[in-house]
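Structural features, examined
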Amino acid sequence: MTKPPLTIHLAAPRGFCAGVDRAIKIVEMAIEKWGAPVYVRHEIVHNKFVVDDLREKGAVFVEELEDCPPDRPVIFSAHGVPKSVPLEAAQRNMVYVDATCPLVSKVHIEAARHHDNGLQMIMIGHAGHPETIGTMGQLPEGEVLLVETVEDVAKVTVRDPARLAFVTQTTLSVDDTAEIVAALQARFPAIVGPHKEDICYATTNRQEAVKAMAPLADAMLVVGAPNSSNSKRLVEVGARAGCRYAQLVQRATDIDWRALEGIGSLGITAGASAPEVLVNEVIDAFRERFEVTVKPVVTAEENVEFKVPRVLREPA
């Protein structure tokens, strides 16, 4: 029986960003340097496949620092941590390595600078997300106010409307964030914004690739984890860009084949913490059922690389 034809539009850039790549490398190099087990506070990145792979190599994932023995190294996740966490690690004389993405660290530095200048911060982000918790935890309680929507902007109570600044989570929807920023600027004309957009290059690039790909495809799959902010935003961006069906899948086994019946074209992308091996797994699953032609949709070239901390580059 002949297979039906299917054109797969493959977004580029997709998958791992420089911050995720660096964070995974940090865990692997720490295990190599100090031996197993190495403790990691929170998932190093939001991807089950990656976390399980590192667990097999000797990483132990814990929720809090108190779950780590003081005589083993601990690594802080790529999403960043409140200031209190490295302070506590230092008080316990622990060896710790901070795998916070440098672009998240940039937001932390920005928030601290505004605070030093006497400005109260407003953060655009998702409540409960590790990155939001980490950024808000850079400053004393009450100094960072969280808004998630345009509606929140209308309700937020500030100390002094003339002395405000804002920062954003790095993995938000570019378009949604622009609407919230516009609402902040309309309500608080004196509010100070970042010199450069806080939403990171990788989030922006992946969303732009999806916008270009979505109109070409009958349906779209985003390879990523359900707790990955940037992956969930890609699904939303695809739907908004005109793709009638957009689904988030962790693995090929999650594909809803019934929802894809009768399609002639499919868009595929991956969140910034999803490895390429999982994208290939999804494409292979379609090859079993369809005569597949893969067409790349390239909207940007990425060559960003972040160095790992010096402590891991030095001999033990």
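One structure accompanies this document, and this report is about it. (Residues numbered from 1 in each chain as written. Predicted model: local features only at pLDDT ≥ 70, side-chain atom pairs only at ≥ 80, totals over all residues. Heavy atoms only, no water.)

It is possible for side chains of opposite charge to pair when their charged atoms get near one another. Summed over the entire model, instances satisfying the criterion amount to 16 salt bridges. Two residues, Lys48 and Asp52, come together in a salt bridge whose shortest N-O distance is 2.7 Å. In this pair, Lys48 and Asp52 are both assigned in helix α2 (residues 48-57), 4 residues apart and thus about one turn of the helix distant. By relative accessible area, which is 26% here, Asp52 ends up partly exposed. Here Asp175 makes a salt bridge to Lys211, at a shortest N to O gap of 3.1 Å. Within this pair, whereas Asp175 is found in helix α7 (residues 174-187), its partner Lys211 is found in helix α8 (residues 201-213), the two being separated by 36 residues in sequence. You can call Asp175 partly exposed: its relative accessible area is 31%. Judged by relative accessible area, which is 24%, Lys211 ranks as partly exposed. (Salt bridge = Lys/Arg side-chain N within 4 Å of Asp/Glu carboxyl O. Helix = DSSP H or I, 4+ residues; strand = E, 2+ residues; numbered from the N terminus. Buried < 20%, exposed > 50% of the residue type's maximum accessible area, 1.4 Å probe, protein only.)

Here the focus is the sheet that holds strand β9 (residues 219-223). An order of β10-β9-β11-β1-β12 is seen for the 5 strands of this open sheet, with the pairing classed as parallel. Among the strands making up the open sheet, the edge pair consists of β10 (246-249) and β12 (291-298). Across the sheet, the mean angle from the axis of one strand to that of its neighbour is 25°, orientation sign disregarded. Across 4 bridges, the pairing between strand β1 (residues 5-12) and strand β11 (residues 265-270) is parallel. Looking across to β11, one finds that Thr7 is bridged to Ser265. Running over the sheet, helix α9 (residues 229-240) touches β9, β10 and β11 and is turned about 170° from β9. (Pairing = 2+ DSSP bridges. Axes fitted to C-alpha atoms, helices over the stretch in contact; angles between N-to-C directions. Contact = heavy atoms within 4.5 Å.)

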